[in-house]
Amino acid sequence: MSSILSAFHFCRAFSHQRMSLAAYCVICWRRIGTLTPPPKTTTYWRDIRNIIKFTGSLILGGSLFLTYEVLALKKSLTLDTQVVEREKMKSYIYVNTVSLDKRENYGITYQARKELHKAVRKVLATSAKILWGPFADTFSTVDVEDHECATWLLLRKSQSGDRAARLQAVQDMSESHHWHDYQYRIIAQACDLRTLIGLARSKESDLRFFLPPPPLPSLKEDSSTEEELRQLLASLPQTELDECVQYFTSLALSESSQSLAAQKGGLWCFGGNGLPYAESFGEVPSATVEMFCLEALVKHSEISTHCDKIEANGGLQLLQRLYQLHKDCPTIQRNIMRIIGNMALNEHLHSTIVRSGWVSILAEAMKSHRIMEASHAARTLANLDRETVQEKYQDGVYVLHPHYRTSQPIKADVLFIHGLMGAAFKTWRQQDSEQVLTDKILEDEARYTTCWPKTWLARDCPALRIISVEYDTSLSDWRTRCPMERKSIAFRSNELLRKLRAAGVGDRPVIWVSHSMGDSPALKTLQDDFLEFAKDKNFQVLNFVETLPTYIGSMIKLHVVPVESADLGIGDLIPVDVDHLNICKPKKKDAFLYQRTLQFICEALAKDLEN
């Protein structure tokens with residue numbers, strides 16, 4: 001009996017040191033097994049009673065130990081219900097805190113528990129990944145839905161080293177429409193730059209994925225946005241610039257609003273929209289002066305080193321302020337988007353652009369029913385998206401389709417090139433009707449489309465990349481007022497070619513669609529060179545020609561392109577009963593003009609689209 005008691009005290013001493021239950025049992029039973037046999041005179045039932053007492057105390061002590069360990073483990077894995085509720089209300093991110101009490105962080109017992117808890121957590125995390133579910137209810141005091149655990153798993157997956165896994169995670173996030181508001185905010189605060197841009201370029205993404213832009217710095221005392229814009233323009237180098245840009249930059253900086261009014265007249269738009277910059281001899285509004293400065297900034301932003309200066313001098317925040325102030329002025333907003341799109345061509349500026357809050361603005365603009373606003377935003381985001389886009393879209397090159405990330409393989413390119421006095425978007429609108437085009441009608445693409453290549457052609461041929469190009473024309477840009485020598489056709493052609501090559505044009509089959517390229521000796525020479533080349537390469541060509549005169553004002557009517565001028569001597573020549581302005585504007589989707597164009601594209605690219 002004394003041997004049994006000593007063994008029991010020995011084991012109790014070890015339990016004070018909080019040894020594991022397994023070690024406890026082994027030591028005790030080994031000591032019992034080595035005891036000398038009891039005298040034969042000892043009562044058999046007394047031995048049994050002593051063994052039962054010992055075993056009972058052993059089981060009781062072990063049960064208490066196990067209960068303590070389970071409760072400790074449960075506490076370490078318990079989610080704070082109040083924190084979850086506060087998170088839902090305030091959209092904050094909470095992290096687990098670690099005790100700073102050093103007394104809890106030493107000793108063999110602590111290390112053993114630490115390793116045990118680490119192993120259990122690993123098992124639970126692995127099972128959660130496999131089963132796509134939360135931790136078991138045994139270790140949680142809050143009811144967590146499957147999609148709440150999925151939020152964090154998708155975040156982790158979006159930062160995976162596997163590109164395919166990252167893309168799938170972004171797609172899964174964008175298609176999640178059943179989340180609570182706070183879950184979208186978690187993603188917005190926790191995702192990295194690559195994921196945020198991917199969400200902005202995903203069609204189904206909820207705008208709650210994007211945090212609002214940070215507060216803008218206050219304007220300097222006795223200053224204005226117009227004055228700060230002038231200061232930004234003045235801070236930029238005047239080197240590496242076109243002579244006309246230098247001229248108008250100097251004019252914008254040196255002349256007051258009143259003297260600018262005295263410069264009345266002329267058309268001065270880089271985009272070829274033919275917009276007059278002043279309409280009266282009165283004081284020029286500040287918005288017009290700002291517009292004049294923005295036009296110069298557009299050209300400055302085409303130079304990488306100047307983009308660095310714009311960023312360093314607070315240009316991203318100033319342009320954002322202007323963008324918000326002029327929500328009712330699409331022309332100003334469009335030029336601001338052009339500048340940001342040019343800056344996005346420089347990858348070292350991507351993180352700065354994202355931090356300044358531009359992604360949320362671009363994501364919202366992408367969903368606009370206004371084709372120009374959406375296309376400028378799509379160009380900027382494509383330049384920011386180095387995960388799925390290899391090409392770079394320079395100023396004047398706009399992808400009409402696809403605007404968003406897509407799994408649809410692109411088989412060919414279709415390029416739309418406007419003519420004199422034309423534009424990248426308005427040239428290709430549906431034919432204007434007598435019906436007043438209200439905002440409600442413009443939003444309904446089934447009733448009217450402001451760009452039929454994007455609305456109709458993209459739907460009929462989703463495997464095409466559709467690009468519209470904007471360029472300077474001598475009748476519609478500010479160069480008509482520039483005293484310097486205007487650039488030649490050859491210069492502009494090479495500039496356009498450089499931009500198209502940067503966009504990857506030429507890497508796949510191409511169809512060109514153009515309108516009203518004008519008539520001059522230089523263009524006639526180009527036409528002859530084209531015909532020789534087209535015949536040698538056996539190009540397929542389709543020509544439409546108007547049969548009705550075009551009214552210029554209320555008094556003059558003119559047959560701009562007669563049939564004999566439109567006949568190239570190659571391909572089909574089809575007369576259409578419309579005037580020159582509407583030869584590129586189908587009246588409706590089932591009109592002959594569009595249906596014959598669609599047929600030509602499908603036939604010319606039949607082999608490529610089949611493959």
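See the structure above.
Remember, predicted model here, so these are calculated numbers, not experimental data.

Q: How do you make sense of the overall build of the chain when you look at a structure like this?
A: Across its full length, the chain holds 26 helices and 8 strands. Residues classed as buried in the chain amount to 42% of the 611 residues present. Relative to all contacts within the chain whose residues are 6 or more apart in sequence, the contacts with residues 24 or more apart total 73%. Here the chain displays about 33,300 Å² of accessible surface, and carbon together with sulfur accounts for 55% of that area.

Q: I keep staring at the sheet that holds strand β4 (residues 510-514) and nothing clicks. Help me out?
A: Strand pairing in a sheet is mediated by backbone hydrogen bonds. Such pairs are either parallel or antiparallel. Taken together, 4 strands build an open sheet; the order of strands is β1-β3-β2-β4 and the sheet is mixed. Of all the strands in the sheet, the pair left with one neighbour each is β1 (397-401) and β4. Neighbouring strand axes in the sheet, compared pairwise and without regard to direction, differ in orientation by 25 degrees on average. Bridge analysis of strand β2 (residues 412-417) against β4 gives 5 bridges, and the strand direction is parallel. Residue pairing for β4: V414 is matched across the bridge by I511. Set on the sheet, helix α21 (residues 452-460) makes contact with β1, β2 and β3 (464-469); between it and β2 the angle comes to about 155 degrees.

Q: Looking at this structure, I do not really get a nonpolar patch on the surface. What am I missing?
A: Where nonpolar side chains cluster on the molecular surface, the patch consists of I552, M555, I556, L558 and V560 and spans about 510 Å² of accessible area. Inspection of the secondary structure assignment puts L558 in strand β7 (residues 556-558). On the basis of relative accessibility, which here comes to 43%, the residue L558 falls in the partly exposed class.

Q: Can you help me understand the pairing of β2 in this one?
A: In the case of a regular strand, side chains alternate between the two sheet surfaces. Counting buried residues along β2, 6 of its 6 residues qualify, which places the element largely inside the surrounding structure. The alternating pattern of β2 places A412, V414 and F416 and D413, L415 and I417 on opposite faces, both of which are buried. Where β2 and β3 come together, 6 bridges link them in parallel fashion. Among the inter-strand pairings, F416 is bridged to a residue of β3, identified as S468.

Q: How do you make sense of the environment of T305 when you look at a structure like this?
A: Residue placement: T305 occurs in helix α14 (residues 304-312). On the accessibility criterion, T305 (46% relative accessible area) is partly exposed. Placed 69 residues apart in sequence, T305 and L236 show a C-alpha to C-alpha distance of 9.4 Å.

Q: How do you make sense of helix α19 (residues 371-384) when you look at a structure like this?
A: Think of an α-helix as 3.6 residues a turn; residues three or four steps apart then line up on the same face. When the terminal C-alpha atoms of α19 are compared, their 20 Å separation across 14 residues agrees well with the 20 Å that a helix rising 1.5 Å per residue should span. With respect to burial, α19 is a largely interior element, 13 of its 14 residues being buried.

Q: What's the story with helix α16 (residues 330-343) in this structure? I'm lost.
A: Taking 1.5 Å of rise per residue, the 14 residues of α16 would be expected to cover 20 Å, and the 20 Å separating its terminal C-alpha atoms lies within 8% of that figure. The buried count for α16 comes to 12 of 14 residues, which makes it a mostly enclosed element. For α16, the set of buried residues is I332, Q333, R334, N335, I336, M337, R338, I339, I340, G341, N342 and M343.

Q: I keep staring at the pattern of salt bridges and nothing clicks. Help me out?
A: Pairing of side chains with opposite charge becomes possible as their charged atoms draw close. Inspection of every chain in the model, using the stated rule, returns 17 salt bridges. Notably, a salt bridge pairs K392 with E347, separated by 3.8 Å at the nearest N-O pair. Here K392, found in the loop between α19 and β1, pairs with E347, found in the loop between α16 and α17 (350-355); they are 45 residues apart in sequence, far enough to count as distant. Close ionic contact of K524 with D528 constitutes a salt bridge, the shortest N to O distance being 3.2 Å. Of this pair, K524 and D528 both sit in helix α23 (residues 521-537), 4 residues apart, which is roughly one turn of that helix.

Q: I would appreciate a short explanation of the nonpolar core in the present structure.
A: Core analysis: the biggest nonpolar cluster contains 60 residues, and L294, L297, I336, M343, I353 and W358 have the highest contact counts within it. Residues in contact with M343, not counting those within four places in the same chain, are C307, I310, E311, L316, L349 and I353.

Q: Please clarify how the packing of helix α7 (residues 163-174) against helix α9 (residues 193-200) should be interpreted in this entry.
A: It is the contact of α7 with α9, at a shortest axis distance of 9 Å, that shows an interaxial angle of 50 degrees. Between α7 and α9, the angle is such that the two are oblique. Crossing angle aside, the handedness with which α7 passes α9 is right-handed. Residues R166, V170, M173 and S174 of α7 form the contact with α9, whose own contacting residues are R194, T195, G198 and L199. Classifying every residue of the contact of α7 with α9 by side-chain character gives 3 nonpolar, 3 polar and 2 charged.

Q: I would appreciate a short explanation of the environment of Y471 in the present structure.
A: Structurally, the position occupied by Y471 is in the loop between β3 and α22 (489-502). Between the C-alpha atoms of Y471 and D395, which are 76 residues apart in sequence, the distance is 9.0 Å. At 2.6 Å, the side chain of Y471 forms a polar contact with the backbone oxygen of H418.

Q: For this particular structure, what's the right way to read the pairing of β3?
A: Burial of β3 is extensive: 6 of the 6 residues sit out of reach of the surface. The alternating pattern of β3 places L464, I466 and S468 and R465, I467 and V469 on opposite faces, both of which are buried. Summarising the sheet, β1 and β3 pair through 4 bridges and their orientation is antiparallel. Opposite V399, over in β3, you have I467 as the bridge partner.

Q: I would appreciate a short explanation of the side chain of T352 in the present structure.
A: The topology assignment puts T352 in helix α17. With relative accessibility at 17%, the residue T352 sits in the buried group. Filtering out sequence-adjacent residues up to four positions away, T352 remains in contact with E311 and L316.

Q: It is not clear to me how the packing of aromatic side chains should be interpreted in this structure. Could you clarify?
A: Aromatic rings in a pair are described by how distant their centres are and how their planes are angled relative to each other. Inspection of every chain in the model, using the stated rule, returns 11 aromatic pairs. Note on W179 and Y184: the rings are 5.7 Å apart at their centroids and 55 degrees apart in plane angle, and the pair reads as tilted. Here the two residues W179 and Y184 agree in accessibility, since each one is buried. When the centroid spacing of 5.1 Å and the interplanar angle of 70 degrees are considered together, the rings of F416 and W428 count as edge-to-face. Linking F416 in strand β2 with W428 in the loop between β2 and α20 (439-443), this pair joins segments that are 12 residues apart in sequence. The exposure classification of F416 matches that of W428, with both residues buried.

About the criteria used
- Residues numbered from 1 in each chain as written.
- Predicted model: local features only at pLDDT ≥ 70, side-chain atom pairs only at ≥ 80, totals over all residues.
- Heavy atoms only, no water.
- Helix = DSSP H or I, 4+ residues; strand = E, 2+ residues; numbered from the N terminus.
- Buried < 20%, exposed > 50% of the residue type's maximum accessible area, 1.4 Å probe, protein only.
- Contact = heavy atoms within 4.5 Å.
- Areas by Shrake-Rupley, 256 points an atom, 1.4 Å probe, with all protein chains shown as cover.
- Pairing = 2+ DSSP bridges.
- Axes fitted to C-alpha atoms, helices over the stretch in contact; angles between N-to-C directions.
- Patch = residues over 30% accessible without salt bridge, like charges linked within 9 Å, V, L, I, M, F, W, Y side chains within 5 Å.
- Salt bridge = Lys/Arg side-chain N within 4 Å of Asp/Glu carboxyl O.
- Expected span 1.5 Å × (residues − 1).
- Core = buried A, V, L, I, M, F, W, Y, C linked by side-chain atoms within 4.5 Å.
- Parallel < 35°, antiparallel > 145°, perpendicular 65-115°, else oblique.
- Left-handed = near helix turned anticlockwise from the far one by under 90°.
- Nonpolar A, V, L, I, M, F, W, Y, C, P; charged D, E, K, R; others polar.
- Polar contact = N/O pair within 3.5 Å; in protein donor to acceptor, adjacent residues only side chain to side chain.
- Phe/Tyr/Trp six-rings, centres within 6.5 Å; stacked < 30°, edge-to-face > 60°.

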